[in-house]
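# Examination of the molecular architecture
Single-letter residue listing:
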Amino acid sequence: MRHRFSMIALSLALIGSLFSSCVLADEAGDAFEKHIRPLLLEKCIECHGPTKQEHKIRLDRRTDVLNGKAGDVALVVPGNPDNSRLWQVIQHHDSDIAMPPSGKLPPEQLEYVRQWIVSGAVWPETSDLEGEAKKRAEQWREHWSFQPVHKPDVSQVPADVQPIDFFIRRALSEKGLKPSPPATPHVLVRRLSYAITGLQPELADLKAATDAAASGQFDQWKSAYIDRLLNAPQYGERWARLWMDVSRYADTKGYVFQEDREYKEAWKYREWVIRSLNQDMPYDEFVKRQLAADQMPGSDDPNQLAAMGFLTLGRRFLNNPHDIIDDRIDVVSRGLLGLTVSCSRCHDHKFDPIPAADYYSLYGIFASSDEPKNEPSTLRLVDKPNPVEPVIFRRGQPHNRGDQVPRRFLTALAGPDAAPFTKGSGRLELAEAITSRDNPLTSRVFVNRIWAQLFGRGFVDTPSDFGVRTERPSHAELMDYLASDLVDQNWSMKSLIRRIVSSETWQQSSDRREDAERVDPENRLLARQNRTRLDFEALRDSVVAASGRLDKTIGGPSADLANDPNVVRRAVYARIDRQNLPGLFRTFDLASPDTHAPKRFQTTIPQQALFQLNSPFTMNRAAEVSQRTVSAGSETDVAARVKEMFLLVLQREPSNQEMTEAVAFVRQMLDEQSKVSASGWEYGYGALRESDNTVTSFQRLTVAKEGKLQGGENLPDAKLGWVFVNKAGGHPGNDINICAIRRWTADSDCRVLIHGVVTHAIDQGDGVRIRVIGPGSSLLADAVAQNSTSPFAVKALDLQAGQSIDFVIDCRTGSAHDSFKSRFVVTQSSGGKVVRVWKSDEDFRETAQERMDAWSQLAQVLLMSNEFAFVD
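We now turn to the structure provided with this report.

Thresholds applied
Residues numbered from 1 in each chain as written. Predicted model: local features only at pLDDT ≥ 70, side-chain atom pairs only at ≥ 80, totals over all residues. Heavy atoms only, no water. Helix = DSSP H or I, 4+ residues; strand = E, 2+ residues; numbered from the N terminus. Contact = heavy atoms within 4.5 Å. Expected span 1.5 Å × (residues − 1). Bend = angle between axes of the 7 residues up to and from the residue. Buried < 20%, exposed > 50% of the residue type's maximum accessible area, 1.4 Å probe, protein only. Core = buried A, V, L, I, M, F, W, Y, C linked by side-chain atoms within 4.5 Å. Salt bridge = Lys/Arg side-chain N within 4 Å of Asp/Glu carboxyl O. Polar contact = N/O pair within 3.5 Å; in protein donor to acceptor, adjacent residues only side chain to side chain. Phe/Tyr/Trp six-rings, centres within 6.5 Å; stacked < 30°, edge-to-face > 60°. Pairing = 2+ DSSP bridges.

### With respect to the side chain of Asp 564
Mapped onto the secondary structure, Asp 564 falls in the loop between helix 24 (536-547) and helix 25 (583-587). Not counting residues within four places of it along the chain, the set of residues in contact with Asp 564 comprises Ala 704, Lys 705 and Glu 713.

Below is the structure:
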């Protein structure tokens, strides 16, 4: 009996133990499913799964984990974490490999792994991750950007409704919104002109638009106006600047040791872009020529070969060939395809379906191309006689060579079995693959760039990254409609722009709407047009246009407009120094030329206002606006001149309040200036009547260039000769009628002491003569410097406010070899105390007009206004 009870007790104990073991096993299995499986999928499978096995390690299959090894060490030793290689590498010890490379796991997840191994590393036989890992690896195929471009059916769209408006209205109606009313004809004409040409409209066109609207003919007039703008040569200039951001245009190479930094023919690439856009070259051909013009019709034409500046005008990276090729891969992949292929230089792309093998396939294409740097174009590439057979550089190191790969297109777009390129380097085949109708990216990326330029924001906010982390477009169907239509219209950029700017969506008012902002605060649905600020180029061009001096010559070499305030060419022709990008360009958000720029950023910083307030460029243009209005009114008819100035700058008449305030301002300033016309230093030239020492004329030197103030754009000037002044001295003109003059004017009643020195340090010529002329043509000092230095001093002199001292230097009998150095000091005192010491060298400013008159100040105020700086 006792034995029977013992057997029963033993049986029950065994059953309890087995039950307990089953419970523990079930708990361990649950722990794997809950904690370990998600961790492996999230952190490990990408590099150690079905599509890739770094270091020949797989973590997606049970047998590979429980029986696998890393070198000679078991991946997992059930019950013993310390001897498990998996546990060792996730500790991130300094002396060991650190996994995952993205960063150490949080303590909570580390504890899950430790407990899992301690508990026996239970991995249910039905829980292999391979299927799910494969599914995850292929998820990119479902991403919108890799789907074929599908043209939506618009057959049911009413004939009088643009497809653009149909898609926008449908999205708005789903949120209970309606579009805004159309913008006024005046606003719309300005918007069209800036969007298409980057310039203000002509006043005559604004008036014609108003008249057409009054007669009910505005739609017809508007359609013709759009065509006229698209056919204007200024169209190509405007849209070329957008492409120059994409192509990271610059006139210099960056730092290259002692090598010549200049790309002497860079401007010819810009010229090609402008010309091609004006000719409406199909976008697919536009792309192909920039990659392979040497293999297309016109391959002996330097004008066509210049297209390859898209590739060859990048940074030189101290002439490191691997970095140069990387830059070319980047500008092609991000600029044309919206893919960050350069992220695969050292390893497979962490997010997108771009293995390192694809990167080195493209590397081989560009490594198989040479730059001959000779005629017929220094911008061209040519194929090497023997193409490079590329290999993968492990971790991006050229000396750590891996598997060989073919020269071919990206496998995600062409398929893993796509044939290698066989025509020379493969550049032309690459260009054809990029512009293939079957490529889902090229047309979408380009349409998105155009849309963003016209609306201030694209369908996709990352215009150069359409990878799997990119959110779905705000209007996916509309973007696909425009992308497919672009191809159907023979890749015509002008047709695309015409379609967009002709839509009611683009032409609607930009006035704020509280009802729409509550539903769509960022205006992604486009219930109204976005109000956009002029970019640097459009703002600068508008300032010059308002002054009446804009040079509309198409094409030509770059101009140094950052350092020469009197350059009046359009800003698209600005010289871009990659190594020393001028602060002016950085201040106004010009795209960096160091690398491809996906989009411009817009900032509002104090330096922008300070430039507009203090720069010689703005002050000179304001003075020129003032001069343009001289004939519009008189000293008694101030209102007429105010009206003309508003029309020139803001392209409208002033309101009653603005007229009242402007007239009051001008009259107040004129009254003050009549009391003291000027004070301090002025720089100019004039005639001296020697019989009575009278300066019979004084004209300011208005051209600031290379530290000089001179009379014309070039020296010698056709009329004024060599006359100029600078900080150190200057040069007189050709005779006594063109003397170099520094004029100092007292700003208050005072006593002055004057002394100075003039040096003529050349052993040729007859030197120069200085005369110091005071009020009433009084001769205060007279000296000659001929290969010598002549000092002078003037006794104490009492002056009234507004009286001047002229320091007049002439060429004597001939103007050859008459450069001089000078320094004049005026010590100003009042009531026995020194008020200020004026020094001609230290006080010198390269400014055409240091004290602006009332009309120039009013012009500057208008040029600095928000109304001038915004399109609407």
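From this point on, the discussion continues.
### A few points about helix 10 (residues 233-246)
The terminal C-alpha atoms of helix 10 lie 21 Å apart, and with 14 residues this matches the ideal 20 Å at 1.5 Å per residue to within 8%. The largest bend in helix 10 comes to about 25°, at Ala 240. With respect to burial, helix 10 is a largely interior element, 13 of its 14 residues being buried. Taken from the residues just after helix 10, Arg 248 is the one with a positive phi, measuring 45°.

### Thoughts on the nonpolar core
With 161 residues, the main nonpolar core has Ile 450 and Leu 454 as its most contacted residues. It is helix 16 (residues 356-367) that provides the largest number of residues to this core, a total of eight residues. Among residues more than four places away in sequence, those in contact with Leu 454 are Ala 195, Trp 239, Ile 497, Ile 500, Val 501, Trp 506 and Gln 529. Counting 34 residues, the second largest nonpolar core, distinct from the first, contains Tyr 683, Val 723, Val 768 and Ile 770.

### Comments concerning the environment of Ala 869
Mapping Ala 869 onto the fold places it in helix 31 (residues 866-869). Along the sequence, Ala 869 and Leu 539 sit 330 residues apart, while their C-alpha atoms lie 6.4 Å from each other. In contact with Ala 869, other than residues within four places in its own chain, are Arg 533, Leu 534 and Leu 539.

### Considerations on the pattern of salt bridges
Evaluated as defined, the whole model comprises 68 salt bridges. A salt bridge links Glu 504 to Arg 169; its shortest N-O distance comes to 2.4 Å. Remark: Arg 169 occurs in helix 6 (residues 163-174) and Glu 504 occurs in helix 22 (residues 504-507); sequence separation between them is 335 residues. On the accessibility criterion, Glu 504 (46% relative accessible area) is partly exposed. Between Glu 842 and Arg 823 there is a salt bridge, with the nearest N and O atoms lying 3.9 Å from each other. Pair noted here: Glu 842 is in the loop between strand 22 (833-839) and helix 30 (854-863) and Arg 823 is in strand 21 (residues 820-830), with a separation of 19 residues, a long-range link. Given a relative accessible area of 47%, Glu 842 falls into the partly exposed group.

### Notes on the side chain of Asn 439
Mapped onto the elements, Asn 439 comes out in the loop between helix 18 (427-434) and helix 19 (442-455). Using a relative accessible area of 6% as the deciding quantity, one classes Asn 439 as buried. In this structure the side chain of Asn 439 is engaged in a polar contact, spanning 3.0 Å, whose partner is the backbone oxygen of Ile 434. Discounting residues that sit within four places of it in the chain, Asn 439 has contacts with Leu 337, Phe 409, Leu 413, Ala 433 and Ile 434.

### So, the packing of aromatic side chains
The full count for this structure, using the stated rule, is 32 aromatic pairs. Relative to Phe 824, the ring of Phe 792 has its centre 5.9 Å away and its plane inclined at 45°; by these criteria the two rings are tilted. Of this pair, Phe 792 sits in strand 19 (residues 788-799) while Phe 824 sits in strand 21, and the two are 32 residues apart along the sequence. Here the two residues Phe 792 and Phe 824 agree in accessibility, since each one is buried.

### Some details on the sheet that holds strand 20 (residues 804-810)
With antiparallel pairing, the six strands of this open sheet are ordered in space as 10-7-15-20-17-18. Each edge of the sheet is formed by a strand with only one pairing partner; in this case those strands are strand 10 (699-700) and strand 18 (778-785). Sheet topology note: the strand 15 (residues 739-745)/strand 20 ladder contains six bridges and is antiparallel. Along strand 20, the bridge assignment pairs Trp 744 with Ile 805.

### Thoughts on helix 11 (residues 266-278)
Here helix 11 is 13 residues long and its end C-alpha atoms lie 19 Å apart, about the 18 Å a rise of 1.5 Å per residue gives. Of the surrounding elements, those touching the buried residues of helix 11 are helix 10, helix 12 (283-292), helix 13 (302-305), helix 14 (309-312) and helix 21 (493-501). Two residues or fewer past helix 11, Asp 280 is found with a positive phi of approximately 55°.

### Here's the deal with the pairing of strand 7 (residues 680-686)
Successive residues of a regular strand alternate their side chains across the two faces of the sheet. Most of strand 7 sits inside the fold, with seven of its seven residues counted as buried. Alignment of strand 7 against strand 15, held across seven bridges, turns out to be antiparallel. For Glu 682, the partnering residue across the bridge sits in strand 15 and is Arg 743. In terms of strand pairing, strand 7 meets strand 10 through two bridges, oriented antiparallel. Residue pairing in the sheet places Tyr 685 in a bridge with Gln 699 of strand 10.

### Considerations on unusual backbone geometry
With omega at 5°, the peptide bond leading from Glu 375 into Pro 376 counts as cis. Topologically, Pro 376 is positioned in the loop between strand 3 (369-370) and strand 4 (382-383). The omega angle of the peptide bond from Leu 715 to Pro 716 is -5°, so this bond is cis rather than trans. If you trace the backbone, Pro 716 turns up in the loop between strand 12 (708-710) and strand 13 (724-726). At Arg 395, a residue that is not glycine, the phi angle is positive and equals roughly 55°. If you trace the backbone, Arg 395 turns up in the loop between strand 5 (391-393) and strand 6 (401-404). Assessed through its relative accessible area of 64%, Arg 395 is described here as exposed. Of note in this structure, Asn 490 is not a glycine but carries a positive phi near 60°. Residue position: Asn 490 is located in the loop between helix 20 (476-488) and helix 21.

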